[in-house]
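A look at the structure
For reference, the chains in residue letters:
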Amino acid sequence: MSKPQGSSVKQRSETALKDEFLIDAVKFTTEKLKNGKLAATAEHGNWEEWRERGKLIRAHTIAHLDFYLNQFIENARAQGVHVHFAPEAKDAARIAVEIAKHHQAKSVVKSKSMVSEEVHINEAFEELGIESVESDLGEYIIQLANEPPSHIIIPAIHKNRYQIAELLSKEAGQTLPPETKVLAGFARQKLRDKFLEADIGLTGCNFGIAESGSVVIFENEGNARMVSTVPKTQITLMGMERLIPTWDDLEVMATLLPRSATGQKLTVYMSGITGPRRQSDGDGPEEMHIIIVDNGRSLQLGDPDFQELLNCIRCGACLNACPVYRHIGGHSYPGTYSGPIGAVLTPALNKNSGEWEDVANASSLCGACYEACPVKIPLHDMLVYLRNRKVEDGHTATGEKMAMKGFKVLMSSYKLYSKAVKMGQVGQKLLVRNGVIKSQLGPLKGWTAYRHIPALPTRSFREQWKALSTEVEASMPSMSSETKTRLEQMVLNRKKGGHE
Amino acid sequence: MAESNLAFLNRLEGDSRKQQQAFIQNIASRLGRLNEGGIPEHPLKGAPDFWTSYELDYEERILRFMDNWRAAGGFTERLATYDELPVVIARTLRELGAQSLIRQNQPELAQLEFERILPELQHTVWSADKPQQALVAASQADAGIAIADYAVAYTGSVVMTSSKDKGRSVTLLPNIFIAIVPAERLKTR
Ligand code: SF4
């Protein structure tokens, strides 16, 4: 699959930042989604209470995932579902392919599923010569462009209607006008034929309901409902953490997810599927398989820094709120997931923080993702933990390592620090204009390319302190003996390590 | 000889049951438990109390539902009696140029006698006995009609369950979908 060139987030971002179409398209849609969410949550009211409830339900489920997963499996089996386990991505693809092969499937029609992207299911089917068609409009567009999704909810967010018209015209064999209605109409007709021909329908799963073994899918186009209604065999890929205990809990998720994702009160379709077609039913799949995927998720369990990551309901609100994502788009991130959730999830699922390099740095740590998150996942804290682990694992860049070493030496000696400040005060004279340094000489460029450095003052704070402290003391009212004793006791206590 | 479907499914089932224990055990041990924990207490189940006690009155429910349905791009009409239904449905389908209609096998719909009031249309009644034919008919029909099991005022949604007499395809495949919502089935949330 083609993705912007470059091996690091930084390199790929540089390419993305030069692409005006991409920047405009991403900015336009994320802005719309963000504002839609704000309006929907304000209209609904009590949003903080809903978030808190959502967080508690998800945290409770994950803390008892062993119980709820077993309950889900047994209930799904009782409804006639065939449940399978995929400890790794390749296992999920292998099982899906085995089912397709057994049924001598020629074509698979898919609804949107990030897990299926994660396990590269399309490639696995293609290797066998089985046609795999994306039925979600956005996914269909990027499938034609041979690109991965660049947003959890809007996979083709980086494309404008002219680019989409070009792609669909090629498929249609005639020039289609860049009008959304015409383009959507063409794609729908084309996909409709595929539904009726397909041997297998493959879906994702927004939530699994443990108490009944049901799968719940939220969507707007009706394509996921078609995928799970028309073909004779249905395969559902489910991340093992997708569960909630009860249908009552779904009310909370159905309140949080659509509003956070697109600002809708509810998606156009919300399907609850409990098992395959019953004997008396006239439609629905004759055979239903659910593949439960781990692929690194269990590594987060029991990890105090990252367990909450599994609470994610994949709404994409953190992407829309993130100032970094909004500038560089989804293809600048490595792996399937982008934005703040991707920056944490990709390294977390892949065990090795070093391999994923600079993705944890693709954040200003502003916390907008946390504010936007309907289940209150502290992604900005997790990004700091990731950076910390990266350093501890020795994956820091040589330049940064040297700079930190130098900083340590400088900051541990007052004399050295004073000398350095003095040298700086003298040296900067050549560079300072109007109180700031704008020069992009040597290492300064990393900073001054985007902002100015304030000049060092002629007298440092330390040099001013003597005069300042006399002034402060003179202006302070004298401390009461009681306060003084309490403060002295606190200092003493702190010296003992704060344990007494 | 190719493996029969039953043998294939049994083999997969066997593999699945073998793997299940290790899969769950891994989760339990990561969570610091030796075995799967017992039934967990779940005191904060479902929506907060302020929401579960939220109730719109009868009239508000109808108005809110209609507003939300329209805001989501649909059309609604409020009728005082069932007797008005045939005329309104016939008018709507003619206006939209529908040439074929599929309906759920619900007795209330049979009473509306669509075949008589819309003789120019091709009519199909959902039948689970002939699933393939029913599916093809639904995919070719211009319009599908069903009586909703429930509707939700707060979100402007209709709830459709499927059964022998109620095919999912009827409410899904045709371009036009007409849902009849008896007012007493309209819930607040
Ligand atoms: S981390 Fe939160 S905001 Fe981001 S996708 Fe997950 S649930 Fe949504």
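As recorded by an unreviewed UniProt entry, chain B carries the name L-lactate dehydrogenase and is attributed to Paenibacillus pini JCM 16418.

The name given to chain A in an unreviewed UniProt entry is L-lactate dehydrogenase, and the organism recorded there is Paenibacillus pini JCM 16418.

Details of the overall build of chain A
Secondary structure summary: chain A contains 22 helices and 13 strands in total. Taken over the C-alpha atoms alone, chain A extends approximately 90 × 60 × 45 Å along its principal axes. Counting contacts in chain A only where the partners sit at least 6 residues apart, residues at least 24 apart contribute 73% of the total. Carbon and sulfur atoms make up 55% of the accessible area of chain A, which totals about 23800 Å².

Things to note about a nonpolar patch on the surface
Residue and element names in this part refer to chain A. A cluster of nonpolar residues, Met404, Phe407, Met411 and Tyr417, forms a patch on the protein surface that exposes about 430 Å² of accessible area. Among the elements that take part in the nonpolar patch, helix α18 (residues 398–411) stands out by supplying three residues, more than any other. Here Phe407 falls in the partly exposed class, since its relative accessible area comes to 47%.

Topic: the domain arrangement of chain B
Partitioning chain B into domains gives domain 1 (1–36) and domain 2 (55–187). The gap between the C-alpha centroids of domain 1 of chain B and domain 2 of chain B is 43 Å.

Some remarks on the site of the ligand
All names here are of chain A. Around the ligand, a shell composed of Cys312, Ile313, Arg314, Cys315, Gly316, Cys318, Ile341, Cys373, Pro374, Val375, Ile377 and Leu379 is seen. More than half of the atoms of the ligand fall within 2 Å of the grid points belonging to the largest cavity. Broken down by class, the residue content of the shell around the ligand amounts to 10 nonpolar, one polar and one charged.

Describing the pairing of strand β2 (residues 107–110) of chain A
Residue and element names in this part refer to chain A. Here β2 shows no split at all, with Ser107 and Val109 on one side and Val108 and Lys110 on the other all buried. Here four bridges tie β2 to strand β3 (residues 131–134), and the two strands are oriented parallel to one another. Its bridge partner being in β3, Val109 is matched across the sheet by Val133. Relative to strand β4 (residues 200–203), β2 is paired through three bridges, and the arrangement is parallel. Among the inter-strand pairings, Val108 is bridged to a residue of β4, identified as Ile200.

Considerations on the pairing of β4(A)
All names here are of chain A. Neither face of β4 is left uncovered, since the one carrying Ile200 and Leu202 and the one carrying Gly201 and Thr203 both have all their residues buried. Sheet topology note: the β4/strand β7 (residues 233–239) ladder contains four bridges and is parallel. Its bridge partner lying in β7, Gly201 is registered against Gln234.

Focus: the sheet that holds strand β3 (residues 143–147) of chain B
Residue and element names in this part refer to chain B. Taken in spatial order, the four strands make up an open sheet running β2-β1-β3-β6, and their pairing is parallel. Taken across any chain shown, the strands that pair with only one partner, and hence form the sheet edges, are β2 (122–125) and β6 (176–180). In this sheet, adjacent strand axes meet at a mean angle of 20 degrees when their direction is disregarded. In the sheet, strand β1 (residues 100–103) pairs with β3 via three bridges, with the strands oriented parallel. Following the sheet pairing, Ile102 is matched in β3 by Gly144.

Points about the interface of chain A and chain B
Size of an interface, as often reported, equals the accessible area lost when the parts are brought together. On the chain B side, the residues contacting the 69 residues of chain A number 55 residues. Taking both partners together, chain A and chain B bury about 5300 Å²; carbon and sulfur atoms supply 56% of that area. Area buried by chain A at its contact with chain B is led by A:Arg53, A:Asp66 and A:Phe85, which between them contribute 13% of it. Remark: the boundary between chain A and chain B carries four salt bridges. Two residues, B:Arg33 and A:Asp66, come together in a salt bridge whose shortest N-O distance is 3.0 Å. Joining chain A to chain B, the criterion identifies 28 residue pairs in polar contact (both at pLDDT 80 or more). Counting residues per element, the side of chain A that touches chain B draws most heavily on helix α4 (residues 65–78) of chain A, at nine residues. Partitioned by chemical class, the residues of the side of chain A that touches chain B number 29 nonpolar, 20 polar and 20 charged.

A short note on the sheet that holds strand β1 (residues 82–86) of chain A
Taken together, the six strands give an open sheet; going across it, the order is β1-β10-β7-β4-β2-β3 (chain A), and neighbouring strands pair in parallel fashion. Of all the strands in the sheet, the pair left with one neighbour each is β1 and β3 of chain A. The average angle at which neighbouring strand axes cross in this sheet is 20 degrees, direction not considered. Each of β2 and β3 of chain A touches helix α10 (residues 180–197) of chain A; the most contacted strand, β3(A), lies at about 135 degrees to it. Contacts between helix α1 (residues 5–30) of chain B and the sheet are confined to β1 and β10 (287–293) of chain A, with β1(A) contributing the most and set at about 50 degrees to the helix.

Looking at the pattern of salt bridges
Enumeration according to the criterion identifies 34 salt bridges over all chains in this entry. Where A:Lys159 meets A:Glu147, a salt bridge forms, and the shortest distance between an N and an O atom there is 3.2 Å. Placement of A:Lys159 in the loop between α8 (137–144) and α9 (161–172) and of A:Glu147 in the loop between α8 and α9 is noted, with a sequence separation of 12 residues between them. For the pair shown, A:Lys159 and A:Glu147 are each scored as buried. Put simply, B:Arg91 and B:Glu77 hold a salt bridge, and the shortest N to O gap is 2.3 Å. Taken as a pair, B:Arg91 in helix α4 (residues 85–95) and B:Glu77 in the loop between α3 (58–71) and α4 lie far apart in primary sequence, 14 residues in all. Three or more residues are tied together by salt bridges with common partners; here these are A:Glu118, A:Glu241, A:Arg242, A:Arg297 and A:Arg314.

A look at the UniProt feature "domain: LUD" (unreviewed entry) in chain B
Sequence positions flagged by UniProt for "domain: LUD" (unreviewed entry) are, in local numbering, residues 88–186 of chain B. With 31% helix and 25% strand, residues 88–186 of chain B has end C-alpha atoms that lie 20 Å from one another.

Details of the packing of helix α5 (residues 89–102) of chain A against α1(B)
Two quantities define a packed helix pair, namely the angle between the helix axes and the distance between the axes. For the pair α5(A) and α1(B), the least separation of the axes is 11 Å and the interaxial angle reads 170 degrees. When the interaxial angle is binned, α5(A) and α1(B) end up roughly antiparallel. Touching A:Glu98, A:Ile99 and A:His102 of α5(A) are B:Asn5, B:Phe8, B:Arg11 and B:Leu12, all from α1(B). Considered class by class, the residues forming the contact of α5(A) with α1(B) number three nonpolar, two polar and two charged.

Thresholds, definitions, all that
- Residues numbered from 1 in each chain as written.
- Chains lettered and ligands numbered in written order.
- Predicted model: local features only at pLDDT ≥ 70, side-chain atom pairs only at ≥ 80, totals over all residues.
- Heavy atoms only, no water.
- Helix = DSSP H or I, 4+ residues; strand = E, 2+ residues; numbered from the N terminus.
- Contact = heavy atoms within 4.5 Å.
- Areas by Shrake-Rupley, 256 points an atom, 1.4 Å probe, with all protein chains shown as cover.
- Patch = residues over 30% accessible without salt bridge, like charges linked within 9 Å, V, L, I, M, F, W, Y side chains within 5 Å.
- Salt bridge = Lys/Arg side-chain N within 4 Å of Asp/Glu carboxyl O.
- Buried < 20%, exposed > 50% of the residue type's maximum accessible area, 1.4 Å probe, protein only.
- Domains from an automatic or database assignment.
- Near = heavy atom within 4 Å.
- 1 Å grid on protein atoms, 1.4 Å probe; cavity = no way out; pocket = protein on both sides within 12 Å on 5 of 7 lines; lining within 4 Å.
- Sits in = over half its atoms within 2 Å of the grid points.
- Nonpolar A, V, L, I, M, F, W, Y, C, P; charged D, E, K, R; others polar.
- Pairing = 2+ DSSP bridges.
- Axes fitted to C-alpha atoms, helices over the stretch in contact; angles between N-to-C directions.
- Buried area = accessible area lost by both parts, 1.4 Å probe.
- Polar contact = N/O pair within 3.5 Å; in protein donor to acceptor, adjacent residues only side chain to side chain.
- UniProt positions renumbered as here; feature names shortened; annotations may be inferred.
- Parallel < 35°, antiparallel > 145°, perpendicular 65-115°, else oblique.

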